[in-house]
Every structure is written in C-alpha cells, then in structure tokens.
Amino acid sequence: MKKNDIKKESLPPIEVIDLFCGIGGLSFGMKSRGFNILAGYDLDATCRYAYETNNNAKFIYKDIKTVSPDEIRTAYGKGSIRVLAGCAPCQPFSSYAFKNKKKDPNKYDLLYEFGRIVKGIHPDIVTMENVAQILSFKEKPVLTDFENLLKNEGYHVWVRPVYCPDYGIPQTRKRLVLLASRLGDIELIKPTHKPNEYKTVKETIGDLPEIKAGETDKNDPLHRAKALSSLNLERLHHTPYGGSWKDWPEYLRLRCHKTDRGRSFGSVYGRMVWEKPAPTMTTQCTGLGNGRFGHPTQDRAISIREAALIQTFPKTYKFFADEEYVAITKASRYIGNAVPPRLGEVIAESILTHITANKLEL
C-alpha cells in the first residue's frame, strides 16, 4: 500500500491539549488541519474569549505548576492519538532578556513543568515552540534537560531552529521547533517556499485601505494605527522607503541615537519594504520606535490588523468580544506573543505525515 492510499479519515482521532496557549495561534493552526483541540491552559485570563471562540475548545485559567498529570490524562479520549503542545513563555530566553539583568528566574522553570507533565502522562506526541535563542541560553541547560527527559522516556526527538519565511510566513521570524514521538522518528516537513517564493509585505497587507496615524478604518476596527506626535510625523516624513532614523536630518535624531549603543539599532523607526517579508512581530510591533514597524509608504506604524495578518491570523479570527474599544497595546501583546497559526499548520502537517508513515509500517 502506498502512502497516498491512506486517508486522514482512516486515522484515529488526533486530540490536542495546548499548554501556555495564549489566544490560540498554535491550536488554531492545528485545528485547521483536522486536529481535535480539547483545551488550552494559560495564566492570562483575558485570552479566554479569543481561545474559546476560534478553537471551539475549553480555556482553563490555571498555573501550570498546579496542573496534575492526571487532570490532563483523563481529558483525552480512549483510542485517540494524544498530542501535548506548548510554548513556554519565551521572555527569559529572548534577545531582550539577554541584555536585561532583571529577569524572572521563575519563568526558567516552566519548561521543567512541561517536562513533569510529559513524564506523568506519556502523550504519544509532544511539540514545543520557543525562541531560537534558547539554544544558546547558558544560565540553565533548560532545553538540553527537556530533550534528555524526553529521550529517557522513550521519545524520538527532533529539534531545530526554523526560518518562518521557508513555510509561507511573511516575517523574518526564526523560532525553535521541537517534535517528539513515542511512535518512531519524527521531523518537520520540508520547507514549502523557496527564497524567491517568500510571502512579502505587499502580498500580506498591500490591499488594506489607507489610513493615517491615529485613524481607524470604518469597516475594520482592528485596522487602527497608533497616533503620532507632530515630531514623529515629521521624522516619518523624512524617512525614505526602506529607510530609518539614520536618514533623518541631525536635528530630528534622538539623543540615544548618538551613542555607540544607539547607533547599533539601525532599524528603529524604520519602514518596511513591500518586496520582502516583514521583520519579526513582537509585543510592541504597532509602535514606531520599537523596530522596523513603519508602514512602507504611509506615515504611520502598522495597524493591529496588519500585525495580525503578518502573524498569519486570518481576518475572520476574533480577538475580542468588542473590537471597537480594545487598546492597541493590549492587542499588540496578544498578537506578538502568539504562535503564527501557519506554523501550527506546519507542525500539524508534520505530525500527520509522521502518523501516516508509522501506520504504514505496522
């Protein structure tokens, strides 16, 4: 029998519990590939609406340190393929955290808590997504310890940094993806896009209506851009296509840009370009001074909707019960913290390929 002869309908149900689920980007991507999302756990209660509305799954407001393996084990159905997914908060391992001496040591332990639950329930498949910097994190060998735990529990482990444009995600995001299975060898599917096929800013947000700084599109409350001071509007006026603060007249430059450290942040206040993927979306991606988050041609930072589309959230995704009055800062935090749904799709496709291959070998 050939691989293509096995249909997805002939597989057992694939059930997912998502730890550190946030607003549900990872769950949504996996759901779009036919996985049954059972529940998501998170310590941010405000994510409940988005998670439950878009994933048709229960949101459980709970600290992972208080979650017992029995609680999760009994949630899975009999005869299902059990997937435990998660994205432990990445702030301790991010580039910013490496420079920030006031780190939260408790967040280092969240991956160990993830491991505790894996050891307690032995799901068939485990997947984890995090920042690529965790590979070089030296304060604690958290990733190595997690890998060793999985291997000691009988899992085959694949873990590598993934360049998101290779999979149709229109931003230069690099993320670490881990896949582990008790069924056999597992790996991420091959890249779906070559460099000349990368999704661009133009393809992603180029058809949205033009708005000014501080304005909201009358037909889309999330297509809203932050207001800018007259000084920052003048700075943007002097920022050419693809340029940054380095192109400003001297009198417009900030004091910090004149220091050695400040000069190294050349993309700050910069404009994106249409022909390439966007930079990595962060929790501050709608703020002009937080990176290259200026619109390519309009004198403003990108809108909430543009950030969401760059993160591959569809326009149908519901972030808030009432989108008219949501704060831009809050929306940016949700979107920047999320796993891009497209990456969730890629992970799900990889799991399907793995399950199908192992079924053929039985």
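Going by the structure above, here's the rest.
These numbers come from a predicted model, not from an experiment.

Asks: Explain the overall build of the protein here, please?
Replies: The number of helices and strands found in the protein is 12 helices and 9 strands. Looking at the 362 residues of the protein, the share that counts as buried comes to 54%. Counting only contacts in the protein whose residues sit at least 6 apart along the sequence, the fraction spanning at least 24 positions is 66%.

Asks: Would you explain the packing of aromatic side chains in this entry?
Replies: For any pair of aromatic rings, geometry is given as the distance between the ring centres together with the angle between the planes. A complete count under the given rule lists 10 aromatic pairs for this structure. Ring centres of F28 and Y317 lie 5.0 Å apart, and the angle between their planes is 85 degrees; this geometry places the pair in the edge-to-face category. With a gap of 289 residues between them, F28 in helix α1 (residues 25–31) and Y317 in the loop between α10 (304–310) and α11 (328–337) connect regions that are remote in the sequence. Look at W248 and Y269: their rings are 5.2 Å apart centre to centre, the planes differ by 70 degrees, and that puts the pair in the edge-to-face class. Of the two residues, W248 sits in the loop between α8 (230–237) and α9 (260–263) while Y269 sits in the loop between α9 and α10, which places them 21 residues apart along the sequence. Take W248: its relative accessible area is 4%, and that puts it in the buried class. Feature note: the residues F28, F313, Y317 and F319 constitute an aromatic cluster, connected by ring pairs.

Asks: Just checking my understanding: could you explain the side chain of D166 for this structure?
Replies: With respect to the secondary-structure elements, D166 resides in the loop between β6 (156–163) and β7 (174–181). Within the structure, D166 has its side chain in polar contact with the side chain of Y198 (distance 2.5 Å).

Asks: What should I look at first to understand helix α5 (residues 110–121) in this one?
Replies: In an α-helix, one turn spans 3.6 residues; hence positions three or four apart end up facing the same way. Relative to the 16 Å expected for 12 residues at 1.5 Å per residue, α5 spans 17 Å between its end C-alpha atoms, a close match to the ideal helical length. Turning to α5, its buried residues are L110, L111, E113, F114, G115, I117, V118 and I121. At its buried positions, α5 is contacted by β1 (14–19), α3 (69–73), β4 (81–86), β5 (125–131) and α6 (142–152). Directly beyond the C-terminal end of α5, a positive phi value near 50 degrees is found at H122.

Asks: Hey, could you run me through unusual backbone geometry in this one?
Replies: Trans is the common state for peptide bonds, and a negative phi is the common state for residues other than glycine. Not every positive phi belongs to a glycine, and Y269 is a case in point at roughly 65 degrees. What makes Y269 buried here is its relative accessible area of 12%. One non-glycine residue, T312, lies in positive phi territory at about 70 degrees. Following the sequence through the fold, T312 ends up in the loop between α10 and α11. We classify T312 as buried; its relative accessible area is 18%.

Each value, and the rule that gives it
- Residues numbered from 1 in each chain as written.
- Predicted model: local features only at pLDDT ≥ 70, side-chain atom pairs only at ≥ 80, totals over all residues.
- Heavy atoms only, no water.
- Helix = DSSP H or I, 4+ residues; strand = E, 2+ residues; numbered from the N terminus.
- Buried < 20%, exposed > 50% of the residue type's maximum accessible area, 1.4 Å probe, protein only.
- Contact = heavy atoms within 4.5 Å.
- Phe/Tyr/Trp six-rings, centres within 6.5 Å; stacked < 30°, edge-to-face > 60°.
- Polar contact = N/O pair within 3.5 Å; in protein donor to acceptor, adjacent residues only side chain to side chain.
- Expected span 1.5 Å × (residues − 1).

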